[in-house]
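# Commentary on secondary and tertiary structure
The chain contents come next:
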Amino acid sequence: MRFEVLGPVRGFRDEQEIELGSPQQRLTLAALLLAEGRSLTIDQLVEIVWADEPPKTGAATVRTYLSRLRAALGEGAIRSTGGGHSCPAPLDVTDFTAAVGRARQAPPVQARDLLADALRSWRGQPLAGLPGAWAEGQRARLAELRLSALEARIEADLALGRHQQVVAELSELTGAHPGRESMVGQLMLALYRSGRQAEAIAVYTGLRRSLADELGLAPSAKLAVRYQQIISGDPALTPRPQQGLPVPRQLPRDLSDFTGRTAYVDDLLGVLRAVGRQAPPLVAVSGTAGVGKTTLALRVAHELRPDYPDGQLYVDLHGAGGDPADPCEVLASFLYALGVAEQRIPEEQQERSALFRSLLSDRRVLLVLDNACSAAQVGPLVPGGAGCAVLVTSRPKLPDLGAAHRVDLAVLTPGEALDLLARIVGEERVAAGREAAERLVALCGHLPLAIRVAGARMALRSFRTVESTLAELTDEHGRLDVLRAGELDVESTFELSYRALSPAQARAFRLAAAPDCDDLPLPSASALLDLAEPDGEHLLESLVGLSLLESPAPGRYRYHDLLKVYARGL
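Summarised in this report is the structure supplied together with it. Because the structure is predicted, anything quoted here is derived from the model rather than measured. (Residues numbered from 1 in each chain as written. Predicted model: local features only at pLDDT ≥ 70, side-chain atom pairs only at ≥ 80, totals over all residues. Heavy atoms only, no water.)

## Describing the layout of surface pockets
Over the atoms rolls a probe the size of a water molecule, and its path tells where empty space is left. For the largest pocket, the calculated volume is near 1,100 Å³. Gly290, Thr294, Thr295, Leu449 and Leu488 are, among the 34 residues lining the largest pocket, the residues nearest its centre. Mapped by element, the contributors of at least two residues to the lining of the largest pocket are helix H12 (293-303), strand S8 (312-316), strand S9 (366-372), helix H19 (448-460), strand S13 (488-489) and helix H22 (490-499). Per-element accounting of the lining of the largest pocket gives the leading share, four residues, to H12. Counted by class, the lining of the largest pocket contains 14 nonpolar, nine polar and 11 charged residues. If you add up the space inside the second largest pocket, you get close to 720 Å³. (1 Å grid on protein atoms, 1.4 Å probe; cavity = no way out; pocket = protein on both sides within 12 Å on 5 of 7 lines; lining within 4 Å. Points joined across faces, edges and corners; volume = space filled by probe spheres on them. Helix = DSSP H or I, 4+ residues; strand = E, 2+ residues; numbered from the N terminus. Nonpolar A, V, L, I, M, F, W, Y, C, P; charged D, E, K, R; others polar.)

Okay, here's the thing in structure tokens:
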């Protein structure tokens, strides 16, 4: 559960809002929450709910509120010990004050983003709708926290040279809080730095006049010094240049022999360059092992570098192996790349993710999250600012990733496959045996990885011709043994996916390859697996979701040619 008091009092369990009852009952809960784990007695709660004239039944009524709250929140949410009651639970104002504390220790660039992110948690007047003097006192206290955080964020803006951007905001704030001299001083400085010296002087003289007329007072000595600096043009008021965040350039190299995929590239560029968006675009590219997901993602990412001038972050999430990357550790590496000192990186994943979002809130950064295993692994790594974009690749289709633009990457067309082979071994060798080359890429299933391996074997040995390589691949039983060259190994790539399967999935993957047919209808597949059709369909669809099977039509299943060879070999 989590609770909010920076606005109407609200509670949530797994993102589902909880009904908290009448204003007095919510006031009782708010008192427990803002006690931050300390116990309050019944008498203290009665005084909070009815500060002026508590009814004779006040204690009984508060006990009723507590009972109803326990029923709504669940057992253990409200604790009773030694005559007191407490409700220790995650609270928005606690998160807010913690973020403000971190920001006060951070340099201006990070402080500004941390504070801006924290201030977004305010949803209006705190404790809105709750009656009584205690609630009014808390509202005043919380409002002061917000104003103090606003001042700190504006101070960071001024340190970063954003004086023109804050003038309008400061004018509104000083109008609402005319006696708050710290904000008046910030407005004077922002106007002066924006070339509006006369207006800065007028702000001071206006405050001096109103203080004298209404209170018989003069502005503080600190503000008077600021005024003297402005009328004399003191060089100390000139903003100091700040060192911004580093600009990470983490993309691996683009492949010079990238071939085809024009429609895919145009589609992804269109999504990731969309204007007027309210959230960062999220693209998810899925497909079978070796189909070229990473190659496509990197080609698109390199094309997009001018569109994301604040940097490109890349990580291999190792989702296809048995040891996927921990998003908490990935966040630490991203934060370090963005200039956060190691000792300032928070311990908890949630805090790291919040800091990461804060740092990127007003920046244009492209993230390439390669080889993901699940939406849970990706989620903490997605920034919140609409200026950023995320490109995810994975073997599984990640259906729970949310509002992503999904691309299920197919194998190369026959023409693209021939072009790739020619780029690797040379146009002349392919042209000399074009018919054999067409058969060779077909035996590779038009899979880019397999074509690269076959091409690499030919490129390394000049005596190997297209025809001799084709002859090596013709025997299905030894085909995967041939498709190895250095670190490129088709069978090992398939094995990573197979080893991640459950026993039932692994059995289905092996057995469904046995029939000698292009595709397998569901009744036949279910009989083969000795399962009822609904159970067989559920199992086969799970393999489709992992990109180990294809479903060309409802109730029909097929393998990629080389995956079928691999499954039969098992």
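Moving on, there is more to tell.
## What to know about the packing of aromatic side chains
On inspection of all chains with the given rule, the structure shows eight aromatic pairs. Seen in terms of ring centroids, Tyr498 and Tyr566 are 6.1 Å apart; in terms of plane orientation they differ by 85°. Their pairing is edge-to-face. A residue pair is termed long-range when its members are at least 10 positions apart, and Tyr498 in helix H22 and Tyr566 in helix H26 (residues 561-569) qualify at 68 residues. Here the guanidinium or amino end of Arg2 rests over the ring plane of Phe12, the centre of that ring lying 4.3 Å away. Over the ring of Tyr227 we find Arg208, and its NZ or CZ is 5.7 Å from the ring centre. (Phe/Tyr/Trp six-rings, centres within 6.5 Å; stacked < 30°, edge-to-face > 60°. Lys NZ or Arg CZ within 6 Å of the ring centre and 35° of its normal.)

## Topic: the sheet that holds strand S7 (residues 282-286)
Read from one edge to the other, the open sheet built from five strands follows the order S8-S9-S10-S7-S11, with strand pairing classed as parallel. The open sheet has two edge strands with one neighbour each: S8 and strand S11 (405-408). Across the sheet, the axes of successive neighbouring strands diverge by a mean angle of 15°, strand direction being ignored. Bridge count between S7 and S11: four bridges; the pairing is parallel. Within the sheet, the bridge partner assigned to Val283 lies in S11 and is His405. (Pairing = 2+ DSSP bridges. Axes fitted to C-alpha atoms, helices over the stretch in contact; angles between N-to-C directions.)

## So, the environment of Leu511
With respect to the secondary-structure elements, Leu511 resides in helix H23 (residues 503-511). Sequence separation between Leu511 and Glu4 is 507 residues; the distance between their C-alpha atoms is 54 Å.

## Some points on the pairing of S9
Counted residue by residue, S9 has seven buried out of seven residues, so it is predominantly covered. In this sheet, S9 lies alongside S8 in parallel orientation, the contact comprising five bridges. Bridged to Asp316 within S9 is Asp370. Inspection of the sheet shows S9 paired to strand S10 (residues 389-394) by five bridges, in the parallel sense. Following the sheet pairing, Leu367 is matched in S10 by Val390. (Buried < 20%, exposed > 50% of the residue type's maximum accessible area, 1.4 Å probe, protein only.)

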